[in-house]
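Chain by chain, the residues run as shown.
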Amino acid sequence: MKLNKASLFGLISVLELASEPERQLSTADIADKYGISSHHLAKVMRNLVHEGVVQAMRGVGGGYRFAGNVNRTTLLDIIKLFETMESDLDMPHWNKAADPVVEELHAITNEIDTVTRAILDTITLATALKNTRLRAELASQKEAPKS
Amino acid sequence: MDQQISIEDAVQGDLEAVIALDRAGLKEDKIGYWRGVFQRYVESGRNDRVFLVAKQGGTPVGFIIGEVRAWEFGSPPCGWVFALTVSPSVREGGIGKKMFDEICARLKEAGVSTVRTMVDIDSKLTLSFFRGMGMRTGRYIELEKQID
């Protein structure tokens, strides 16, 4: 599975903001940290604000703040704001009756899509953040010099 | 609420409460099924079969069941959790986590290092719960076919 850039940037931003809900970050803060396009990220943030996932804070030191519920919002909730998550066999002139091969390929891609959606729809931001923290702890334990 | 919750081995007297907890949201009764489960997991007294009940003030509010199974699907011995229920009235209070942690500890004591489960793809709540407990897609893929 390959997420489009907007989905990926959306997930990164939301997870970054949700990791410390009281903190405000600008698009530049997030773009710099992850080495991504600030211009593209700004468009993504506008979409997230419009959907009420993040809140734009005005004034000096303004930026964005997470406005959702980490226990209720899933990865799929964010991805769906930017793409459909459905495989496309790119067969615009597909004749169903005449193309059992294409029909079978559709059935297979539907299986894959169903599983993919089920995985993304059952990982909440809270779970993703918990796993992120565990990864960070493991990494720091590995890096720590042995006494 | 946490202080009042205890996680205990199921006893025969819990049968009716377990059936009632299972019945919530279901259209059909499974009384015969539950009698069989109690025979296998409560009366056997084996440490590789675990049936735990969460009680609040002595009243059952949830249960979890699992056991060690060996070489099914070619797998070395591992723990399987095949039932988990928490009363809707006390959900989001950490009871599911307590039961899951306890059954994992029991299964570890019984000698396994992996625990597995299988959940209906539409049971978003249960899938989310197990994900939250650190479970991920495993090495085995379930396949099925309609044969009628």
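Before any of the text, the structure's been laid out above.
Predicted, not measured: the structure shown is a model, and the values here were computed from it.

1. Remarks on the overall build of chain B
Next, step 1: Within chain B, the secondary structure is distributed over four helices and five strands.
Next, step 2: From first element to last, N terminus to C terminus, chain B shows the α and β order β-α-α-β-β-β-α-β-α.
Next, step 3: Its C-alpha radius of gyration of 15 Å places chain B within 12% of the 15 Å reference for a compact globule of 148 residues.
Next, step 4: Principal axes of the C-alpha set define a box for chain B whose edges measure 40 × 40 × 30 Å.
Next, step 5: For chain B, buried positions account for 38% of its 148 residues.

2. Brief notes about the packing of aromatic side chains
Residue and element names in this part refer to chain B.
Next, step 1: The tally for this structure, following the rule as stated, stands at eight aromatic pairs over all chains.
Next, step 2: Seen in terms of ring centroids, phenylalanine 51 and phenylalanine 63 are 6.1 Å apart; in terms of plane orientation they differ by 50°. Their pairing is tilted. One end of the pair, phenylalanine 51, is in strand β2 (residues 49-56); the other, phenylalanine 63, is in strand β3 (residues 59-69), and 12 residues separate them in sequence.
Next, step 3: On the basis of relative accessible area, phenylalanine 63 is assigned to the buried category, the value being 1%.
Next, step 4: Each ring, one from phenylalanine 129 and one from phenylalanine 130, has its centre 5.4 Å from the other, and the planes form 65°; the classification is edge-to-face.
Next, step 5: A residue is classified by how much of its surface remains accessible, and phenylalanine 130, at 5% relative accessible area, is buried.

3. Some words on helix α3 (residues 38-50) of chain A
Residue and element names in this part refer to chain A.
Next, step 1: In this model α3 runs 18 Å from its N-terminal to its C-terminal C-alpha over 13 residues, within 8% of the 18 Å that 1.5 Å per residue would give.
Next, step 2: Those residues of α3 hidden inside the fold are in contact with α1 (5-18), α2 (27-34), β1 (54-57), β2 (63-66) and α4 (75-79).
Next, step 3: You can read the cap of α3 off the contacts: a side-chain oxygen lies 3.4 Å from the backbone nitrogen of histidine 39, and it is on serine 37.
Next, step 4: Glycine 52 sits one or two positions beyond α3 and adopts a positive phi of about 80°.

4. Some words on the nonpolar core
Next, step 1: Core analysis: the biggest nonpolar cluster contains 30 residues, and Leu17(A), Leu41(A), Met45(A) and Leu48(A) have the highest contact counts within it.
Next, step 2: Looking at this core, the elements with two or more residues in it are α1, α2, α3, β2, α4 and α6 (125-143) of chain A.
Next, step 3: No other element matches α1(A), which puts seven residues into this core.
Next, step 4: Not counting the four nearest positions on each side in its chain, Leu41(A) is found in contact with Phe9(A), Ser13(A), Thr27(A), Ile30(A), Ala31(A) and Ile36(A).
Next, step 5: Ile5(B), Val61(B), Val68(B) and Ile95(B) belong to the second largest nonpolar core, which has 18 residues in total.

5. Points about the pattern of salt bridges
All names here are of chain A.
Next, step 1: Across all of its chains, the model carries 15 salt bridges over all chains by this definition.
Next, step 2: Among the ionic pairs, lysine 33 bridges to glutamate 16, the shortest N-O distance being 3.1 Å. You can see lysine 33 sitting in helix α2 and its partner glutamate 16 sitting in helix α1, a full 17 residues away along the chain.
Next, step 3: Exposure remark for glutamate 16: the relative accessible area of 8% places this residue in the buried category.
Next, step 4: One salt-bridge network, held together by shared partners, links Glu16, Glu20, Arg23 and Lys33.

6. What about the interface of chain A and chain B?
Next, step 1: Listed as interface residues are 14 residues of chain A and, on the opposing side, 10 residues of chain B.
Next, step 2: For the pair chain A and chain B, the two sides together bury roughly 970 Å², of which 50% comes from carbon and sulfur.
Next, step 3: The largest share of the area that chain A buries against chain B comes from Thr122(A), Thr127(A) and Lys130(A), three residues that together contribute 40% of it.
Next, step 4: On inspection of chain A and its partner chain B, the count reaches two salt bridges.
Next, step 5: The interface formed by chain A and chain B includes four residue pairs in polar contact (both at pLDDT 80 or more).
Next, step 6: At the level of secondary structure, the elements contributing two or more residues to the side of chain A that touches chain B comprise α5 (100-121) and α6 of chain A.

7. A few points about the side chain of Asp113(A)
All names here are of chain A.
Next, step 1: Checked against the element boundaries, aspartate 113 lands in helix α5.
Next, step 2: Arginine 117 is the oppositely charged side chain nearest to the buried, salt-bridge-free aspartate 113, at an N-O distance of 4.9 Å.
Next, step 3: For aspartate 113, the contacting residues outside a window of four places in its chain are Met85, Glu86 and Ser87.

8. Observations concerning the environment of Ser26(A)
Next, step 1: Structurally, Ser26(A) can be placed in the loop between α1 and α2.
Next, step 2: Expressed as a C-alpha distance, the spacing of Ser26(A) and Gly61(A), which sit 35 residues apart in the sequence, is 8.5 Å.

What counts, and where the lines are drawn
- Residues numbered from 1 in each chain as written.
- Chains lettered and ligands numbered in written order.
- Predicted model: local features only at pLDDT ≥ 70, side-chain atom pairs only at ≥ 80, totals over all residues.
- Heavy atoms only, no water.
- Helix = DSSP H or I, 4+ residues; strand = E, 2+ residues; numbered from the N terminus.
- Rg over C-alpha atoms; globule rule 2.2 N^0.38 Å.
- Buried < 20%, exposed > 50% of the residue type's maximum accessible area, 1.4 Å probe, protein only.
- Phe/Tyr/Trp six-rings, centres within 6.5 Å; stacked < 30°, edge-to-face > 60°.
- Expected span 1.5 Å × (residues − 1).
- Contact = heavy atoms within 4.5 Å.
- Polar contact = N/O pair within 3.5 Å; in protein donor to acceptor, adjacent residues only side chain to side chain.
- Core = buried A, V, L, I, M, F, W, Y, C linked by side-chain atoms within 4.5 Å.
- Salt bridge = Lys/Arg side-chain N within 4 Å of Asp/Glu carboxyl O.
- Buried area = accessible area lost by both parts, 1.4 Å probe.
- Lys, Arg positive; Asp, Glu negative; His and termini not counted.

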